[in-house]
Amino acid sequence: MTREHAPPASGNGAPLSGSVLAEAAVVFAVVLSIHAAVWDRYSWCAVALAVQAFYVQYKWDRLLQQGSAVFQFRMSANSGLLPASVVMPLLGLVMKERCQAVGNPYFERFGIVVAATGMAVALFSSVLALGITRPVPTNTCVISGLAGSVIIYIMKHSLSVGEVIEVLEVLLIFVYLNMILLYLLPRCFTPGEALLVLGGISFMLNQLIKRSLTVVESQGDPVDFFLLVVVVGMVLMGIFFSTLFVFMDSGTWASSIFFHLMTCVLGLGVVLPWLHRLIRKNPLLWLLQFLFQTETRIYLLVYWSLLATLACLVVLYQNAKRSSSESKKHQAPTIARKYFHFIVVATYIPGIIFDRTLLYVAATICLAVFIFLEYVRYFRIKPLGHTLRSLLSLFLDERDSGPLILTHIYLLLGMSLPIWLVPRPCTQKGSLGGARALVPYAGVLAVGVGDTVASIFGSTMGEIHWPGTKKTFEGTMTSIFAQIISVALILIFDSGVDLNYSYAWILGSISIVSLLEAYTTQIDNLLLPLYLLILLMA
C-alpha cells in the first residue's frame, strides 16, 4: 500500500497511510450520522467505541506488518478493525429505534443486546491487539480503557442480568471460535473480517442454544429457526471435518465415502431433529410445503433454477477459454467475474418484489450448498473435489489468499444480509417509509449495482485515482449514478416502496458507501451492504 505523510494515530509509531485515514473518515461520518439520528446513551457508546478502535487499528496494522500477530491473517489488506467494530453496534441501534417506533418491545430490547454484544467483541479484539503489542502503547491503552469503562458503565445500568449473561455467553463463544477457526484457516481473514464474521456466527450460535433450551416458551418463525440451524450446523460440520482430517488423508476414496456418510448422519441425525424440536413439524415436509405453497413461488423457483444453470455455464465457458489459451495461468477478467453480480441482481430483485419470505429461505439453502461445495473442494472430496478446485481457481483474486475460497460466499451474504438481519415484525408492509423502504434492496444497490459498476468502469475507463488506492474517481461517480438510476427503477416496479421525499438522505447514504468502497481494503461484498443497511434504517 502506498504510504503518504500523515500524522500518526498515536505517539509511538510510523505514520498511517492516506487511504486508511480516508476510510476512517468515512466510517466516522457514518457513526456520527447514526449518532445524530438516534442521540441516546447507546449512540454515545458507539462514538466512544469508534474512537478507541481508530487508535487500536494502528496497532493491529503494525502487528500485521511485523508478523507479530497471534494468528496468520490476510496480508493484502489493513486490519480493518475500525469499519468492522462499529457494524454490530450501529445495527443494534437502528434496529432498536425501528422496533421502538412500531411498538415492539421484545425486538427493541433485542436490538440493545445486539449493540452491547458488538461492543463487547470489538473491545476484546482491541484488548488482544494491545496485549501483544511491544512496547506497551501507553497512550492507546489509556484511550481504549476510558472508552471501555464508559461503555461497560452504561451497559451495566441498561441491561438486565439475563441480557448481561447473554452478552458474556456470546463473548465466550467468540473467543473459542477465534482460537479454533483462525488456527484452522490461516490467511482467510483480516482481524476486522474475523471480528465481523466470527462475531455474527457466535451470536447466532448463542441464539440457537438459547431458543433450544426455551423451546416451550419460544414463539419464533420457522423461517428464522431454519436460518439459525443451517448456519450453525454447517459451521460445526466444518470444524468436525477439519479436526477429523488432521488424522487422515481426505483425498482418498475411503475418506470421501466416509465424508459423505458422516454428512448424512450429521444432517439426518443432528440438524433435522434439532430443527424439528424448534419448529415442531417435520422439517422436510414443512420445507416442501413452503417452497411449493403458491403458483408465484413455483415460477420463482423455476426462474432461479435457470439463472443457476446460467451461472454454471459461465464457469464452464470461462474455463474452456483458459484451456484453449496458451497460458495456463489465465485468470478471468474483472468483467467476467462481475457476470455473477448481474446474475444475483436478476435473482434477488424478483424475490424482493414478489416473495421476500421465499427469498429468505432460498438464500439460506443456497448458502448451505455453497459452504458444502467449499468443504468438498477444500478437503478434495471425490468425485468433485479436484474438479471444483480447477474450475474455481480461474476466479481467484488477491482476497483469496488462504486455503478457502470465500468471495462467492461473501457475495451471497452481502445480498442476503439485508433480508435476514432486520426483524420482520418491525418491517411489515406499511411500517417502512422513506429511505427505510429500500432496506431490502441494500445488497442489490451496494454490491449488485454499485460495486459492479465501479469495478467495470473504473478498470476500463478510470484515469483519476483516489489518493493511496487503485480505485478511480470515475468508477465511484458512475457507481453513485447507477445506484440512483436503480432506485428510480425500484420506485417504478415495486409499488410497495414510498420514499416520502427522503431523497437527500438516500443520495448521501449511497455516496458515503461508494466512498467506503473506494478506500476500504476489506471484503466489500460483505461490508458495503451492512453500511448501506444501517444508513437506510436510520
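Treat the numbers as computed from the prediction; the structure is a model and nothing was measured.

What counts, and where the lines are drawn
Numbering of residues starts from 1 in each chain and follows the order in which that chain's sequence is written. Whole-chain, interface and lining totals are the exception, using all residues; otherwise, since this is a predicted model, local features are given only for residues with pLDDT of at least 70 and side-chain atom pairs are given and counted only at 80 or more. Excluded from the side-chain calculation are hydrogens and water; included are all heavy atoms of the structure. When two rings of Phe, Tyr or Trp (its six-membered ring) have centres within 6.5 Å they constitute a pair, described as stacked for plane angles under 30 degrees, edge-to-face for angles over 60, and tilted for the intermediate range. Partly exposed residues are those whose accessible area sits between 20% and 50% of the maximum for their type, while under 20% is buried and over 50% is exposed, using a 1.4 Å probe and protein chains only. Charges are assigned to positions over rings by a cutoff of 6 Å between ring centre and Lys NZ or Arg CZ, combined with an angular limit of 35 degrees from the ring normal. Salt bridges are defined by distance alone: a side-chain nitrogen of Lys or Arg within 4 Å of a carboxyl oxygen of Asp or Glu. Here a helix means four or more residues in a row that DSSP labels H or I, a strand means two or more in a row labelled E, and each is numbered from the N terminus. Only residues whose relative accessible area exceeds 30% and that form no salt bridge are eligible for patches; like-charged ones are grouped when within 9 Å, while nonpolar side chains (Val, Leu, Ile, Met, Phe, Trp, Tyr) are grouped when within 5 Å. Residue burial considers only the protein chains on display, and all accessible areas are found by Shrake-Rupley using a 1.4 Å probe. By definition in these notes, contact holds between two residues if any of their heavy atoms fall within 4.5 Å. Think of each axis as a best-fit line through the C-alpha atoms, taken over the contacting stretch in the case of a helix, with angles from 0 to 180 degrees between the N-to-C directions. By the definition used in this description, the sense in which the near helix is turned from the far one sets the handedness, with an anticlockwise turn below a right angle giving left-handed and a clockwise turn giving right-handed. Three residue categories are used. Nonpolar comprises Ala, Val, Leu, Ile, Met, Phe, Trp, Tyr, Cys and Pro, charged comprises Asp, Glu, Lys and Arg, and polar comprises the others, including Gly. Residues belong to a common nonpolar core when they are buried Ala, Val, Leu, Ile, Met, Phe, Trp, Tyr or Cys residues joined through side-chain atoms within 4.5 Å. Expected span of a helix, by definition, is 1.5 Å for each gap between consecutive residues, and there is one gap fewer than residues. Each angle is binned into one of four classes, with values under 35 degrees roughly parallel, values over 145 roughly antiparallel, values of 65 to 115 roughly perpendicular, and all other values oblique. pLDDT expresses how confident the predictor is about each individual residue, on a scale running from 0 to 100.

1. Comments concerning the packing of aromatic side chains
- The tally for this structure, following the rule as stated, stands at 19 aromatic pairs.
- Relative to Phe241, the ring of Phe240 has its centre 5.2 Å away and its plane inclined at 70 degrees; by these criteria the two rings are edge-to-face.
- For Phe240, a relative accessible area of 32% translates into the label partly exposed.
- On the basis of relative accessibility, which here comes to 0%, the residue Phe241 falls in the buried class.
- On the basis of an interplanar angle of 45 degrees and a centroid distance of 6.3 Å, the ring pair of Tyr375 and Phe379 is categorised as tilted. Phe379 carries the same exposure label as Tyr375, and that label is buried.
- Among the aromatic side chains, those forming a connected cluster through ring pairs are Phe240, Phe241, Phe245, Phe259, Phe372, Tyr375, Tyr378 and Phe379.
- Sitting over the face of the ring of Phe290, Arg297 holds its NZ or CZ atom 4.1 Å from the ring centroid.

2. What about the pattern of salt bridges?
- In total, this model carries ten salt bridges according to the counting rule given.
- The salt bridge involving Arg74 is made with Glu193; its shortest N-O contact spans 2.4 Å. Of this pair, Arg74 sits in the loop between α2 (41-66) and α3 (81-85) while Glu193 sits in helix α8 (residues 191-213); the two residues are 119 residues apart in sequence, bridging distant segments of the chain.
- Taking the shortest distance from any N to any O, the salt bridge between Lys210 and Glu166 comes out at 3.2 Å. Of this pair, Lys210 sits in helix α8 while Glu166 sits in helix α7 (residues 161-184), placing them 44 residues apart in sequence.
- With relative accessibility at 37%, the residue Lys210 sits in the partly exposed group.
- Look at the salt bridges and you will find they share partners, linking Asp40, Lys96 and Glu97 into a network.

3. A word on unusual backbone geometry
- Looking along the chain, the bond that leaves Arg134 and enters Pro135 is cis, with omega of -5 degrees.
- Here Pro135 lies in the loop between α5 (105-132) and α6 (138-156).
- Note the cis peptide between Lys382 and Pro383, where omega equals 5 degrees.
- Structurally, Pro383 can be placed in the loop between α14 (356-378) and α15 (385-392).
- Unlike most non-glycine residues, Trp39 shows phi in positive territory, near 50 degrees.
- Mapped onto the secondary structure, Trp39 falls in the loop between α1 (18-38) and α2.

4. A closer look at a nonpolar patch on the surface
- Where nonpolar side chains cluster on the molecular surface, the patch consists of Leu285, Leu288, Phe292, Ile298, Val302 and Leu306 and spans about 580 Å² of accessible area.
- In terms of residue count, helix α12 (residues 295-324) provides more of the nonpolar patch than any other element does, three residues in total.
- Structurally, Leu288 can be placed in helix α11 (residues 283-291).

5. What about the side chain of Asp524?
- The residue Asp524 is located in helix α20 (residues 524-537) in this model.
- The exposure class of Asp524 is buried, given its relative accessible area of 9%.
- Other than its neighbours up to four places away in sequence, Asp524 contacts Arg399, Val447, Asp451, Glu517 and Pro529.

6. Examining the packing of helix α18 (residues 473-493) against helix α19 (residues 503-519)
- Running from N to C, α18 and α19 cross one another at 145 degrees; their axes reach a closest spacing of 9 Å. The crossing of α18 and α19 is right-handed. Residues Thr476, Ser479, Ile480, Gln483, Ile484 and Val487 of α18 lie in contact with α19, whose contacting residues are Ile506, Leu507, Ile510, Ser511, Ser514 and Ala518.
- Taken together, the residues that form the contact of α18 with α19 break down as seven nonpolar, five polar and no charged.

7. What about the side chain of Ser126?
- Considering the arrangement of structural elements, one finds Ser126 in helix α5.
- For Ser126, the residues in contact, after removing those within four places along its chain, are Gln52, Val56, Leu81 and Ser144.

8. Structural notes on the nonpolar core
- Grouped together as the largest cluster of nonpolar side chains are 172 residues, with contacts concentrated most on Leu90, Phe189, Leu438 and Tyr531.
- The element contributing the most residues to this core is helix α9 (residues 222-244), with 14 residues.

9. A look at α19
- Across its 17 residues, α19 extends 25 Å between first and last C-alpha, which sits within 8% of the 24 Å expected from 1.5 Å per residue.
- Regarding α19, the residues found buried are Ile506, Ser509, Ile510, Val513, Ser514, Leu516, Glu517, Ala518 and Tyr519.
- The elements touched by buried residues of α19 are α1, α17 (442-461), α18 and α20.

10. Digging into the packing of helix α4 (residues 87-101) against α20
- For the pair α4 and α20, interaxial distance at closest approach is 9 Å and the crossing angle is 30 degrees. Between α4 and α20, the crossing angle belongs to the class labelled roughly parallel. Between α4 and α20 lies a crossing of left-handed hand. Along its contact with α4, which presents Val87, Leu90, Leu91, Val94 and Arg98, the element α20 presents Leu527, Leu530, Tyr531, Leu533, Ile534 and Met537.

11. Section: the confidence of the model for the chain
- Scored by pLDDT, the chain has a mean of 86; 93% of the residues are at 70 or more.
- Across residues 1-15 the pLDDT falls below 50, and counting only partners more than four positions away or on other chains, this stretch makes 38 contacts in the model.

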